[in-house]
Amino acid sequence: MRKHVTLITGAGGEIGHGLIERLTADGDSAIITIDLQPLEQRLASRVEKEYQGSILETHLLERILSEYEVERIYHLAAILSTRAEFTPVTGHQVNVEGTLKLLDFAQAQGESHGRAVVFLYPSSIAAYGLPDLETKAAAGAVREYEWNHPTTMYGCNKLYCEHLGRYFARHYKQLAAESLSGKVDFRAIRFPGLISAVTVPSGGTSDFAPEMVHAAARGESNACFVRPDTRIPFMVMPDAVDALVGLAKAESSMLGRSVYNITAFNPSAEEIRSLVLEGFPDADITFDPDLKRQAIVDSWPSDVDDSAARSDWGLAPRYDLEGGFADYLIPRIRDLYRT
Ligand code: AKB
């Protein structure tokens, strides 16, 4: 008999860290992972099995199919927005072809064990693209179906994969004699920028915020790569993990859509700097905008409307802006770098 498990791809990344800790703290140790790099020992010891390799390796996914019944997939592996602009074809391979492989794997799993595989997909505010700052200011909190004109390879990849997921869930092989759809229960969250007290992101464009606070805690100076007035939505990592787990557990009958905005607060970069200075009064934070990365952040909305997530599956972030810094980020980051 194949064991029932949850699969996490990109498990060693920022969200993967928090997710493995959260799921195993809840008593769920039937977790298998895929990542290019070995997991940190403290995470590896919490999971059932760790596969080191690429999501693009067909034989790896076939091996998992033969060994496990996968009930749920958190497909976290991705190349983020800044990095994908330097290698857009590789970005597309990992972000789109990789996701297609995972969706196909979920379909094969569902057909093999007969139950729908819940497929959690972290999409992003990068799926939006606003043409200029005037439009961004006038748009305010955008709804899921508005301004879907991403300017980055990563944003295009995320938007397209949301559609691929919906296709697998509802229309897969619609001309076949017998319906094969319904084996993938696809659920996506459009994440805002995320700030973790435990890990420092790399390769993203919302990284200016976590970079500021981690540099301050390490006693290093930081030249923020966006203007002080730059504003996009953010959330701290524990709330992002809670949201993923909350959406995974929601009754499918409650879900009116397959893609949900979520957010917790939307400070300007200057407001983030002020909060970092409250926690680390000696921090040396200046602004030195990189005009090209600035343009990417300027194309993302200043806020998103997450009312559908709140009403359909009970999104309720624990941390607002002040609480996120005072009760989570500052004390936890201080502990992280305490020597
Ligand atoms: C990035 O900056 O690429 C990501 C994102 C906003 O999805 N953090």
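Here's a quick rundown of the structure. Worth saying up front: this structure is predicted, and the values here are computed from it rather than measured.

Here the focus is the packing of aromatic side chains. How two aromatic rings sit relative to each other is given by the distance of their centres and the angle of their planes. All chains considered together, the criterion is met by nine aromatic pairs. Taking the centre distance of 5.8 Å and the plane angle of 85 degrees together, the rings of Tyr260 and Trp313 count as edge-to-face. With Tyr260 in strand S11 (residues 259-261) and Trp313 in helix H12 (residues 307-313), this pair connects stretches of sequence that are 53 residues apart. When its relative accessible area of 11% is taken as the criterion, Trp313 is described as buried. Chaining the aromatic ring pairs together yields one cluster made of Phe119, Tyr121 and Phe186. Taking NZ or CZ as reference, Arg334 lies 5.3 Å from the ring centre of Phe280, over its face.

This part is about the nonpolar core. Ranked by size, the top nonpolar core spans 107 residues in total, and within it Tyr74, Phe208 and Trp313 carry the most contacts. In terms of residue count, helix H9 (residues 237-249) provides more of this core than any other element does, eight residues in total. Non-local contacts of Tyr74, meaning those with residues more than four positions away in its chain, are made with Thr6, Leu7, Ile8, Thr9, Leu19, Leu23, Leu120, Leu244, Val245 and Ala248.

Glancing now at the sheet that holds strand S7 (residues 184-191). Across a sheet, strands are paired by hydrogen bonds formed along the backbone, either parallel or antiparallel in direction. In space, the seven strands of this open sheet follow the order S3-S2-S1-S4-S5-S7-S11, with parallel pairing throughout. Each edge of the open sheet is held by one strand with a lone partner, namely strand S3 (49-52) and S11. With strand direction ignored, the average angle separating the axes of adjacent strands in the sheet is 20 degrees. Examined bridge by bridge, S7 and S11 share three bridges and lie parallel to one another. Each bridged residue has a counterpart across the sheet, and for Ala188 the counterpart in S11 is Val259.

The residue Ser81 is located in helix H4 (residues 81-86) in this model. Side chain to side chain, Ser81 and Thr205 meet in a polar contact 2.5 Å long. In this view, Ser81 contacts Tyr154, Gly203, Gly204, Thr205 and Trp300; residues no more than four positions away in its chain are not counted.

All right, on to the site of the ligand then. All residues in the neighbourhood of the ligand are listed as Leu80, Ser81, Ser124, Tyr154, Gly204, Thr205, Ser206 and Trp300. A distance of 2.6 Å is found between an oxygen atom of the ligand and a side-chain nitrogen or oxygen belonging to Ser124. Within the backbone of Thr205, an N or O atom sits 2.6 Å from an oxygen atom of the ligand. Burial of the ligand by the protein amounts to 91% of the accessible area it has alone, namely 260 Å². Class assignment of the residues belonging to the shell around the ligand gives a composition of three nonpolar, five polar and no charged.

Now for the pairing of strand S1 (residues 3-9). Buried residues dominate S1, accounting for five of its seven residues. Direction of pairing for S1 relative to strand S2 (residues 31-35): parallel, over a ladder of four bridges. In the strand pairing of S2, Ile8 is matched with Thr33. Traced from S1 through helix H1 (residues 14-25) to S2, the parallel crossover comes out right-handed.

Before going further, it helps to spend a moment on the environment of Pro267. Within the secondary structure layout, Pro267 lies in the loop between S11 and helix H10 (269-279). Pro267 sits in the buried class, given a relative accessible area of 2%. Spatially, the C-alpha atom of Pro267 lies 37 Å from that of Ser45, the residues being 222 residues apart in sequence. When sequence neighbours within four positions are dropped, the list of residues in contact with Pro267 reads Thr230, Arg231, Ile232, Phe234, Ile272 and Leu321.

Following the sequence through the fold, Ile34 ends up in strand S2. The class for Ile34 is buried, based on a relative accessible area of 1%. Spatially, the C-alpha atom of Ile34 lies 6.3 Å from that of Ala11, the residues being 23 residues apart in sequence. Not counting residues up to four positions away in its chain, the partners in contact with Ile34 are Leu7, Ile8, Thr9, Gly10, Ala11, Tyr51, Gly53, Ile55, Leu60, Leu61 and Ile64.

The next point concerns the pattern of salt bridges. Overall, the coordinates contain 23 salt bridges when judged by the stated rule. The partner of Lys3 in a salt bridge is Glu48, and the shortest N-O contact between them spans 2.7 Å. Residue Lys3 is located in strand S1, and its partner Glu48 is located in the loop between helix H2 (41-44) and S3; the two are separated by 45 residues in the primary sequence. Given the relative accessible area of 42%, Lys3 is considered partly exposed. A relative accessible area of 34% places Glu48 in the partly exposed class. Across the pair Arg318 and Asp239 runs a salt bridge, and its minimum N-O distance is 3.8 Å. Note that Arg318 is positioned in the loop between H12 and helix H13 (321-337) and Asp239 in helix H9, a separation of 79 residues in sequence. Overall, Arg318 belongs to the exposed group, its relative accessible area being 53%. Residue Asp239 is classed as buried on the basis of its relative accessible area of 2%. In the salt-bridge network here, residues are joined through shared partners; they are Arg22, Asp26, Asp239, Asp242 and Arg318.

Criteria and thresholds
- Residues numbered from 1 in each chain as written.
- Predicted model: local features only at pLDDT ≥ 70, side-chain atom pairs only at ≥ 80, totals over all residues.
- Heavy atoms only, no water.
- Phe/Tyr/Trp six-rings, centres within 6.5 Å; stacked < 30°, edge-to-face > 60°.
- Helix = DSSP H or I, 4+ residues; strand = E, 2+ residues; numbered from the N terminus.
- Buried < 20%, exposed > 50% of the residue type's maximum accessible area, 1.4 Å probe, protein only.
- Lys NZ or Arg CZ within 6 Å of the ring centre and 35° of its normal.
- Core = buried A, V, L, I, M, F, W, Y, C linked by side-chain atoms within 4.5 Å.
- Contact = heavy atoms within 4.5 Å.
- Pairing = 2+ DSSP bridges.
- Axes fitted to C-alpha atoms, helices over the stretch in contact; angles between N-to-C directions.
- Polar contact = N/O pair within 3.5 Å; in protein donor to acceptor, adjacent residues only side chain to side chain.
- Near = heavy atom within 4 Å.
- Areas by Shrake-Rupley, 256 points an atom, 1.4 Å probe, with all protein chains shown as cover.
- Nonpolar A, V, L, I, M, F, W, Y, C, P; charged D, E, K, R; others polar.
- Right-handed = clockwise from strand over helix to strand, strands pointing away.
- Salt bridge = Lys/Arg side-chain N within 4 Å of Asp/Glu carboxyl O.

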